[in-house]
Amino acid sequence: MSAKAEGDNLFRSGKYDSAAIRYNVCLKIDSEKPGRLATSGGRLHAILHCNRAACLMATKRFREAAKECSAALRIHANYRKAMLRRGRCYVKMHRFKEAIADFNACIEAAVKGKETFDHSIKTKEQIEVVKKELEEAKRAKRDHETAERAKADRERREQEKQRWYDENVNSEDWYNTNFSGRNYSRGGKYGEKKNGSSRNRGGYAYNQQNDGSYSNREHPNNHQYRRSSSKASCEDDEEEVCHYSILSVTVQSDSTAIKKAYHRMALKYHPDKNKDPEAATMFRKVQTAYEILSDRKSRREYDMERNFAKSFY
């Protein structure tokens, strides 16, 4: 049995790494002969490179798989299967512009019937499958760009807030104006606790009793002291869309509830199912909201940003 046939059997058995090795052995047998070039080998070498790409894709090694497809295309520029596989690799690598170019080239080669030994993509149904992948790549490109812009905007706002904080809150004048005479240190810590001592919180003064409790001695309505927290609702977010509202969840919702809400909203606003002109925009907002809220770190940063912003209103 030839090395290629062994590789084919291993691939069908799901032993992708072993199959890739056998295909590589077959390539080396001919490549080690004197005078061989990178573009030599003809149809067999192009197929072997493309087969190795399939093995690497199955093990999610998309960068290496794309290189194998490129090697196949250097031998046969109109190798449609290699174009298609490289386009799929580029999608996984978020190189959408190159993926779109490969899908378009594959469709053009099939429609125009460009000369090639590969006829795996020639029927109308097969071409439609590639066209669908092309549209999905375009949509993914738009969504990725939207997410990147949102990320850049968040970073810009964070930098502006930090700059404002450094220029104002961290300044000596701001400290002297807002904290002089209060019973805690520059580092934000209260002074030593004393029975019956008075503390000022949020503009209201409180007396500390012997049992450690506090009583309001100044506010006429005797409202209890309350501090804002990450459990606040989104109703106060007036200047920008709240990601929790987009997914119709609350800030107390766990990751499972957020995931279910995302699937429900994505299905509702998917452009292929919802023909409303605003559906595509809403779909992108849903994806952006889920991208932020599904990640623990980005969600924590988002909650801190919301609470930070509220403290100035």
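Before reading further, recall that the structure is shown in the block above.
This report concerns the structure included in the present document. (Residues numbered from 1 in each chain as written. Predicted model: local features only at pLDDT ≥ 70, side-chain atom pairs only at ≥ 80, totals over all residues. Heavy atoms only, no water.)

1. Some remarks on the state of the cysteines
The full count for this structure, using the stated rule, is 0 disulfides. The structure places no disulfide on C89, whose sulfur is separated from the nearest cysteine sulfur, that of C69, by 5.2 Å. (Disulfide = S-S within 2.5 Å.)

2. Thoughts on the environment of K122
When you line up the elements, K122 lands in the loop between α6 (96-112) and α7 (124-167). Residue K122 is classed as exposed on the basis of its relative accessible area of 52%. In the structure, K122 is positioned 13 residues away from A109 in sequence and 9.0 Å away in space, judged by C-alpha atoms. The contact partners of K122, leaving out residues within four places of it in the chain, are R80 and I127. (Helix = DSSP H or I, 4+ residues; strand = E, 2+ residues; numbered from the N terminus. Buried < 20%, exposed > 50% of the residue type's maximum accessible area, 1.4 Å probe, protein only. Contact = heavy atoms within 4.5 Å.)

3. Considering the environment of M93
As for its placement among the helices and strands, M93 is situated in the loop between α5 (80-92) and α6. Placed 27 residues apart in sequence, M93 and A66 show a C-alpha to C-alpha distance of 9.8 Å. Sequence-distant contacts of M93, that is, excluding residues within four places in its chain, are made with F62 and R63.

4. Observations concerning the nonpolar core
Counting residues in each nonpolar core, the largest one holds 32 residues, and the members touching the most others are Y79, F103, I121 and V130. Going through the elements one at a time, α3 (42-58), α4 (62-75), α5, α6 and α7 are the ones with two or more residues in this core. Here V130 is in contact with L84, F103, C106, I107 and I121, once residues within four sequence places are set aside. Residues V249, M265, I292 and Y302 belong to the second largest nonpolar core, which totals 20 residues. (Core = buried A, V, L, I, M, F, W, Y, C linked by side-chain atoms within 4.5 Å.)

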